[in-house]
Amino acid sequence: MAPPEDPLTEKERLQAARIGQGDFRNALVVAWGGTCPLAGVDHLPLLRASHIKPWRSSTNTERLDPFNGLLLAVHVDSLFDRGLISFEDNGTLLVSNTLSQDNLDRLGIVRGAMISGLDARHGAYLAHHRAHCFVP
């Protein structure tokens, strides 16, 4: 049951969050030109709106902040979500030592690659990802 000070039901909150997620994805598609900045994939069904600071750790405002997001190809999103890759504030790719070079080659991931398009407002989110999600 929702607290008295919160007039929204749980169902209404979930519906609002889903609507917000669509807006979040749309903002990322625009911001990143419909392309994964690491893999270069530009086929929208293969791109995910990835939160830098995970949804579960974010405030409602952070969840919808486009600077808390990257538009990533599904395989890149999977690596990022599991903390196997991250990015420095300047866009330099960080790769977990747990990934073999053979698997990086199979995935088309190049150590030291850089992405462009980051803004200073991504910085706090990236710092959180590096500190709490990335597995060196």
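Residues numbered from 1 in each chain as written. Predicted model: local features only at pLDDT ≥ 70, side-chain atom pairs only at ≥ 80, totals over all residues. Heavy atoms only, no water.

Remarks on helix α5 (residues 123-132)
Along α5, the residues that are buried comprise Gly123, Tyr125, Leu126, His128 and His129. On its buried side, α5 packs onto α2 (60-64), α3 (74-81) and β3 (85-87). (Buried < 20%, exposed > 50% of the residue type's maximum accessible area, 1.4 Å probe, protein only. Helix = DSSP H or I, 4+ residues; strand = E, 2+ residues; numbered from the N terminus. Contact = heavy atoms within 4.5 Å.)

A look at the pairing of strand β2 (residues 69-73)
In terms of burial, β2 is largely enclosed, as 5 of its 5 residues are buried. Covered by surrounding structure in β2 are Gly69, Leu71 and Ala73 together with Leu70 and Leu72, the residues of both alternating faces. Looking at chain direction, strand β1 (residues 47-51) and β2 are connected through 5 bridges and run antiparallel. Bridge pairing in β2 places Leu47 opposite Ala73. (Pairing = 2+ DSSP bridges.)

Some remarks on the packing of aromatic side chains
This structure, assessed with the given rule, holds 1 aromatic pair. Between Phe80 and Phe87, the ring centres sit 6.0 Å apart and the planes meet at 40°, which makes this aromatic pair tilted. The lysine or arginine in question, Arg63, covers the ring of Trp55, its NZ or CZ lying 4.5 Å from the ring centre. (Phe/Tyr/Trp six-rings, centres within 6.5 Å; stacked < 30°, edge-to-face > 60°. Lys NZ or Arg CZ within 6 Å of the ring centre and 35° of its normal.)

Focus: the pattern of salt bridges
Enumeration according to the criterion identifies 5 salt bridges in this entry. Across the pair Arg130 and Glu88 runs a salt bridge whose closest N-O atoms are separated by 4.0 Å. Within this pair, whereas Arg130 is found in helix α5, its partner Glu88 is found in the loop between β3 and β4 (93-95), the two being separated by 42 residues in sequence. Bridged by salt links that share partners, the residues Glu88, Asp89 and Arg130 form one connected network. (Salt bridge = Lys/Arg side-chain N within 4 Å of Asp/Glu carboxyl O.)

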